[in-house]
Amino acid sequence: METGYTTDMIHDMVAKRLAQGLDVENTMDTPLLGYYKAAAMVVKDIATEKRKKFLAGKVSAGKKQVYYLSMEFLLGRHLKNNLCNLGLEGAMSTVMAEYDIRMEELYDCEPDSGLGNGGLGRLAACYLDALAHENYLATGYCILYEFGIFKQKIIDGWQTETPDIWMPGGDVWLTLNPGHAVDVKFGGEVEESWEDGYHVLNYKNYHTVIALPYDINITGYNSEGVSLLRVWRAKTPTGMDMDSFNSGDYESAFRQTSIGEAISKVLYPNDNHNEGKNLRLRQQYFLCAASIADICRRHLAVYGSLSNFAEKNAIHINDTHPTLAIPEMMRFLLDDCGYDWEMSWDIITKAFAYTNHTVMREAMECWDESLFKTLLPRIYTIICEINRRHCADMYERCYANQQAVQRMSIVLEHTIRMANLAVAGSHRVNGVSTLHSQILKDNVFNDFYLADPEKFTNVTNGIASRRWLVQANPSLTALIAERIGADFADNMQNLSKLMQYTDDSSFLDALAKSKLKNKEAFCKYIQRGTGIVLDPTSIFDVQVKRLHEYKRQQMNVLDIMATYNWLCDNPNAEFTPRTYIFGAKAAPGYFMAKQIIKLICTLSDKIEKDPVMREKIRVVFLEEYNVTMSELLMPAGDISEQISLAGTEASGTGNMKLMQNGAITLGTLDGANVEIKQVVGDDNIYIFGMNADEVARKRHDGYHPRTYYSGDPIIRAAMDDLLHAFGRERFDSIFEMLQTSDYYMTLADFSSYRSAREELAALYGDKYAWLKKSLVNIAQSGVFCADRAVGEYADNIWMLER
């Protein structure tokens with residue numbers, strides 16, 4: 001779709017921005033950064049104007065809109081994405097060439113936005129992109145984290161965390177709207193009374209944090225649509241307590257300022273202490289209170305009443321973090337608007353929906369009742385009343401089954417259970433893959449499902465395919481466009497037309513050439529950053545995801561150690577060189593995850609010191625793995641490691657990105673791997689290990705990892721190396737975990753994993769057999785585009801019209 005902006009117009013707009021106080025010689029670190037900022041502001045101006053027109057058209061037509069609340073949005077860089085979506089990349093390239101600037105230099109000036117961490121945030125970002133492409137009216141809400149989650153530094157193999165200072169260079173995309181600031185109240189006491197038949201509340205002695213809104217526009221590819229992401233920055237209304245300052249108590253003078261403004265400093269602060277838990281709860285309520293106030297303000301400005309709120313608005317909770325939006329909306333309706341309880345709850349349960357992203361109960365948030373009551377006294381009383389009514393309703397529905405009611409209770413044993421609150425307050429609850437959604441119904445929320453089966457549904461995750469294919473992999477995109485036309489980017493399901501070329505050797509040769517080009521580009525990137533020279537003709541075996549035991553990076557590295565041992569014993573055996581690539585961040589307080597990173601890095605160092613071995617295998621750990629790095633890696637990957645224990649991974653999206661770029665999946669029947677297998681067929685994916693039912697049976701019957709250690713010499717040798725193979729470095733904690741508990745059954749699946757991996761590696765030597773499977777994966781990846789996913793949300797959950 002034409003934007004109406006010619007190259008001459010872009011030239012004039014850039015020149016104007018450069019002239020408006022952007023002194024590129026003095027105000028920026030380098031002149032190049034000045035040109036980046038000018039280009040970014042031009043794009044932002046175009047996107048802002050486009051959003052205004054899009055919003056006006058939708059509002060005047062009375063269209064329903066969706067508000068997507070998420071604790072994180074992993075956006076990556078904005079400039080390239082917006083230029084591509086707006087069709088202005090060529091025009092901007094021509095303009096910048098006049099200043100002797102290449103677009104790649106300009107793109108490298110931009111930091112990744114520090115608003116997200118992993119799959120949850122990347123999914124949210126993909127959905128805002130797809131909603132814009134599909135011309136749905138959508139707004140996302142998040143917190144403006146000043147320092148992101150953290151910047152990962154690997155020092156002597158150990159992960160250390162430093163602040164992610166992304167705002168210089170990243171803040172150019174933000175637009176402050178101070179007129180829409182919101183007061184958020186914490187602490188204090190609530191006094192309740194009845195006056196003339198009216199329920200009167202007196203909320204006193206609270207402290208206020210101001211939520212300042214900043215806006216980021218997310219443009220849609222070749223469409224009229226523009227999504228809005230509104231992020232909130234915490235600010236205290238006064239700088240300090242003058243009485244404390246004048247008395248010499250300087251620490252107390254600034255205490256409330258520090259506590260309040262800490263809310264928007266860091267994503268997911270370490271919560272293995274009380275202060276961290278307190279801050280996380282503050283963050284979640286801050287996001288929800290500010291966002292609900294903003295949503296209601298928008299609605300009232302158009303309609304003047306909230307009685308039709310659910311007809312015109314859908315509010316979506318992305319995992320449990322924003323669940324406090326439900327009681328906060330109740331507070332607003334009851335206390336600020338004077339609605340009765342029944343009408344308020346009816347509005348909420350028609351407007352809200354909830355996506356669950358985990359099957360592990362320990363990952364579903366619970367709050368200590370005492371902490372919650374102290375920090376959010378009014379929200380606490382509302383939740384207690386929601387729970388009282390909810391339990392009474394469930395008691396009737398469950399035929400007086402008290403145990404079932406307790407399992408569904410929101411408040412139980414001095415704990416407030418956010419997942420139960422999210423289910424109770426939502427009209428739809430969905431998982432993010434077919435398997436995951438079934439586990440929710442059969443296990444995690446079985447009592448809720450039996451009470452209200454119509455509430456539960458599935459929407460399998462999707463990715464922003466234009467970013468991960470069209471932008472990230474231009475050589476493959478050009479090859480595809482040459483055969484099936486460039487318009488495939490508007491409808492990714494047209495990729496299926498590539499199936500006609502699976503036996504076309506000329507096309508497969510071109511596909512191999514494209515893959516090699518991408519691998520060479522990734523090798524250059526690694527060499528620039530580390531000095532390590534990789535072999536682009538080796539198998540690129542990729543596992544990039546958050547570091548967690550259930551994702552089983554420990555199984556991957558244990559198998560590499562076993563392969564190392566085999567190569568030592570068989571130095572003259574034929575062997576296809578392999579490059580094992582890891583990228584992952586561990587939560588700051590997760591010691592075992594940090595130990596696994598240390599093991600990966602220690603093994604890498606050992607191989608690098610062995611000139612014979614490093615010609616056969618290399619291990620690369622990507623420090624500070626982010627979206628921009630992923631855009632280089634995804635097109636280069638050969639093997640996609642998706643090896644979580646069956647029944648633990650909700651869906652995954654890295655599997656979809658790698659698949660779309662031609663990698664072959666090596667995985668368990670977990671998450672979206674099940675659906676990948678369905679679309680590519682059994683011959684084009686390598687499945688190993690137990691399925692979810694077999695895992696459950698083994699856990700029920702009793703799992704004893706020590707028997708695998710004792711009975712399998714390959715496992716035993718690799719595990720013994722954890723204690724003896726790295727000089728003074730010992731990995732006793734990993735050894736003990738694997739031998740004694742091994743909750744995620746690494747050893748039970750190890751032999752099956754090793755066999756499937758070797759089978760896949762052997763296939764690599766059969767060029768056309770490999771390329772055919774690779775092409776099938778590309779051709780069948782369109783179903784995993786986020787366009788399909790948001791369409792299902794719009795039709796089945798949000799009830800939106802374009």
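Now for a description of the structure that goes with this document. (Residues numbered from 1 in each chain as written. Predicted model: local features only at pLDDT ≥ 70, side-chain atom pairs only at ≥ 80, totals over all residues. Heavy atoms only, no water.)

1. Focus: the sheet that holds strand S15 (residues 415-417)
Read across the open sheet, the three strands follow the order S13-S15-S14; overall the sheet is antiparallel. Of all strands in the sheet, those bounded by a partner on one side alone are strand S13 (366-368) and strand S14 (411-412). Of the pairings in the sheet, the one linking S14 to S15 comprises two bridges and is antiparallel in character. Note on S15: the bridge partner recorded for valine 411 is isoleucine 416. (Pairing = 2+ DSSP bridges. Helix = DSSP H or I, 4+ residues; strand = E, 2+ residues; numbered from the N terminus.)

2. A look at the side chain of lysine 657
Examined against the element boundaries, lysine 657 turns out to sit in helix H27 (residues 654-660). No salt bridge is formed by the buried lysine 657; the nearest opposite charge belongs to glutamate 631, separated by 9.1 Å. The residues touching lysine 657, leaving out its near neighbours within four places in the chain, are Arg122, Ile463, Trp468 and Met634. (Buried < 20%, exposed > 50% of the residue type's maximum accessible area, 1.4 Å probe, protein only. Lys, Arg positive; Asp, Glu negative; His and termini not counted. Salt bridge = Lys/Arg side-chain N within 4 Å of Asp/Glu carboxyl O. Contact = heavy atoms within 4.5 Å.)

3. With respect to helix H28 (residues 673-680)
Every buried residue belonging to H28 is among Asn673, Val674, Glu675, Ile676 and Val680, and all of these are buried. Of the residues trailing H28, glycine 681 is marked for its positive phi of about 90°.

4. Some points on the nonpolar core
In this structure, Phe286, Leu324, Phe352, Phe372 and Phe445 are the most contacted members of the largest nonpolar core, which totals 222 residues. It is helix H11 (residues 274-303) that contributes the most residues to this core, 11 residues altogether. Counting residues in hydrophobic clusters, the runner-up holds 28 residues, among them Val42, Leu83, Leu86 and Ile101. (Core = buried A, V, L, I, M, F, W, Y, C linked by side-chain atoms within 4.5 Å.)

5. A look at helix H25 (residues 591-608)
The end-to-end C-alpha distance of H25 is 26 Å, a good match for the 26 Å that 18 residues give at a rise of 1.5 Å each. With 14 of 18 residues buried, H25 is to be regarded as a mostly interior element. (Expected span 1.5 Å × (residues − 1).)

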